[in-house]
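Residue-level listing of the chains:
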Amino acid sequence: TVIVFGSINIDLIATAPRLPVAGETLLGEEFFKAPGGKGANQAVASARLGISTHIVGRVGAHSFGAELVNSLQAAGVRTDNVSIEANASSGVAVIIVDDSGENQIIVIPGANGLLDNEDVERLTNLLPRAKALLLQFEVPMAAVVAAAKAGHNAGVKVILDPAPVQLDVPSEIYSLVDIITPNEVEARQLVGFPVDNEESAAEAAQILLQRGVKCAIIKLGAKGVYCATKEENFFIPAFPVQAVDTTAAGDAFSGGLAAAIEAELPLRQCVTWGAAAGAIAATRPGAQPSLPDRYMFEAFLKE
Ligand code: ADP
């Protein structure tokens, strides 16, 4: 079993010929909504690969809560530990995209901002059945640290995607984390120098290992992935694909990685599964709709 402790959002997307200026009312083109949030995306990524997956999180009763829970269930994610808050909004991202692809985004954390020790307790009850715990930074840092502690104490592999970028990452978290998976932007923020190739990724990974993580996996987008532990280090080039939309590629990576850990595969293969899931997601539009199912995933790996 894989457990995700994290955010559940609804994305509300409007398209317009250009972005409005302050005070302006602008006629737009299209409106659509889609489930999102890094926690939910990673849970869907894992469940689609056929892995038993639970999410621990919160949604708001009056705004999209039931809809978000239903969509997680439809993707095969167990939601017994998603609590529905009577007095909060669900996490919402209000997104405006213009014809050139430029965007403006406001994120309301809503119920995601309420995660606390109660949620960590529910997580703790699930941990004895789990092999991997996926964490991100879209819920309160104190809850993320407490969740990492719970996972660590239960002997479950703790996998931290340090996204979105945080200015203050508490130093105590590193020794609670088995695998950290920053992309280039997050790696730069964590170590303080540009990370954009194999050499700089290797330097960054060494720093993260020294801080206490057992394994550092640096995602370099279309370039590939660098991975280091105390025992080994290697670089895996990206799968050559025609990328159309890399939204949720990182979340797909987390799901593929967790699925391989659940299957107790060797580290190099775990990274390959993450990279394959990320590459497939990059070839398909949208966030959750771009995440591969098991059938597609196996066909891709066989190619
Ligand atoms: P994030 O989505 O977190 O910013 P990346 O952009 O590095 O992270 O994407 C995550 C992973 O998805 C990459 O490490 C890679 O394995 C895969 N991926 C992303 N973009 C591409 C691409 N254009 N071609 C092949 N693989 C990709």
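Just so you know, these numbers come straight off a predicted model, no measurement behind them. (Residues numbered from 1 in each chain as written. Predicted model: local features only at pLDDT ≥ 70, side-chain atom pairs only at ≥ 80, totals over all residues.)

Visitor: Can you help me understand the overall build of the chain in this one?
Guide: When helices and strands are tallied, the chain shows nine helices and 14 strands. A compact globule built from 303 residues would reach a C-alpha radius of gyration of about 19 Å, and the chain, at 19 Å, matches this within 12%. Overall size of the chain, expressed as C-alpha extent along the three principal axes, is 60 × 40 × 40 Å. Counting all 303 residues of the chain, 47% fall into the buried class. For the chain, restricting intrachain contacts to residue pairs at least 6 apart in sequence, the fraction spanning at least 24 positions comes to 67%. (Helix = DSSP H or I, 4+ residues; strand = E, 2+ residues; numbered from the N terminus. Rg over C-alpha atoms; globule rule 2.2 N^0.38 Å. Buried ≥ 20, exposed ≤ 12 C-beta atoms within 10 Å, placed from the backbone. Contact = placed C-beta atoms within 7 Å.)

Visitor: Explain the UniProt feature "binding site: K(+)" (unreviewed entry) in the chain here, please?
Guide: Per the UniProt record, "binding site: K(+)" (unreviewed entry) is annotated on Asp245, Thr247, Ala281, Arg284, Gly286 and Ser290. Spanning 46 residues, the named residues form one tight spatial group whose C-alpha atoms are at most 9.0 Å apart. Structurally, the position occupied by Thr247 is in the loop between β14 (233-237) and α7 (249-262). For Thr247, a count of 21 C-beta atoms within 10 Å corresponds to the buried category. (UniProt positions renumbered as here; feature names shortened; annotations may be inferred.)

Visitor: Help me understand the sheet that holds strand β3 (residues 30-36), please; the structure alone is not making it clear to me.
Guide: Within a sheet, adjacent strands bond to each other through the backbone by hydrogen bonds, running parallel or antiparallel. A sheet is described by the order of its strands in space; here four strands give the open sequence β3-β2-β7-β8, paired in mixed fashion. Either end of the sheet is taken by a strand with one partner, and the two such strands are β3 and β8 (103-108). This sheet shows a mean twist of 15° between the axes of neighbouring strands, independent of strand direction. In this sheet, strand β7 (residues 91-98) lies alongside strand β2 (residues 9-16) in parallel orientation, the contact comprising eight bridges. Bridge pairing in β7 links Ile13 to Ile95. (Pairing = 2+ DSSP bridges. Axes fitted to C-alpha atoms, helices over the stretch in contact; angles between N-to-C directions.)

Visitor: What exactly am I supposed to notice about the site of the ligand here?
Guide: Close to the ligand lie 19 residues; Lys219, Ala222, Ala243, Gly250 and Gly278 are nearest. Among the secondary structure elements, those contributing two or more residues to the shell around the ligand are α7 and α8 (267-282). Residues belonging to the shell around the ligand are distributed by class as follows: 13 nonpolar, five polar and one charged. (Near = placed C-beta within 6 Å. Nonpolar A, V, L, I, M, F, W, Y, C, P; charged D, E, K, R; others polar.)

Visitor: I'm lost on unusual backbone geometry in this one. Help?
Guide: When glycine is set aside, most residues are seen to have a negative phi, and most peptide bonds are trans. The omega torsion across Ala163 and Pro164 is -5°, close enough to zero to call that bond cis. When you line up the elements, Pro164 lands in the loop between β10 (157-160) and β11 (179-180). Positive phi is not limited to glycine here, since Ala248 has a value of about 70°. With respect to the element layout, Ala248 can be found in the loop between β14 and α7.

Visitor: Please clarify how the UniProt feature "binding site: substrate" (unreviewed entry) in the chain should be interpreted in this entry.
Guide: When the UniProt feature table is mapped onto this chain, "binding site: substrate" (unreviewed entry) is found at Asn9, Ile10, Asp11, Gly37, Lys38, Gly39, Ala40, Asn41, Glu138 and Asp251. Summarising the element assignment, Lys38 is placed in helix α1 (residues 38-48). Every residue in contact with Lys38, bar those within four places of it in the chain, is listed here: Gly6, Ser7, Gln136, Glu138, Asp161, Ala163 and Asp251. Along the chain, the position of Asp251 falls in helix α7. With residues near it in sequence (within four places) discarded, Asp251 still touches Lys38, Asn41, Gln42 and Ala45.

Visitor: Would you mind going over the packing of helix α3 (residues 117-126) against helix α4 (residues 141-153) with me for this structure?
Guide: Between two packed helices, both the angle of their axes relative to each other and the distance between the axes serve to describe the pair. At a closest axis distance of 9 Å, the pairing of α3 and α4 adopts a crossing angle of 20°. By the angle class used here, α3 and α4 are roughly parallel. For the element pair α3 and α4, the recorded crossing hand is right-handed. For the pair α3 and α4, contact is made by Asn117, Asp119, Val120, Leu123 and Thr124 and by Ala143, Ala146, Ala147 and Ala150, respectively. Grouping the amino acids of the contact of α3 with α4 by side-chain chemistry returns six nonpolar, two polar and one charged. (Parallel < 35°, antiparallel > 145°, perpendicular 65-115°, else oblique. Left-handed = near helix turned anticlockwise from the far one by under 90°.)

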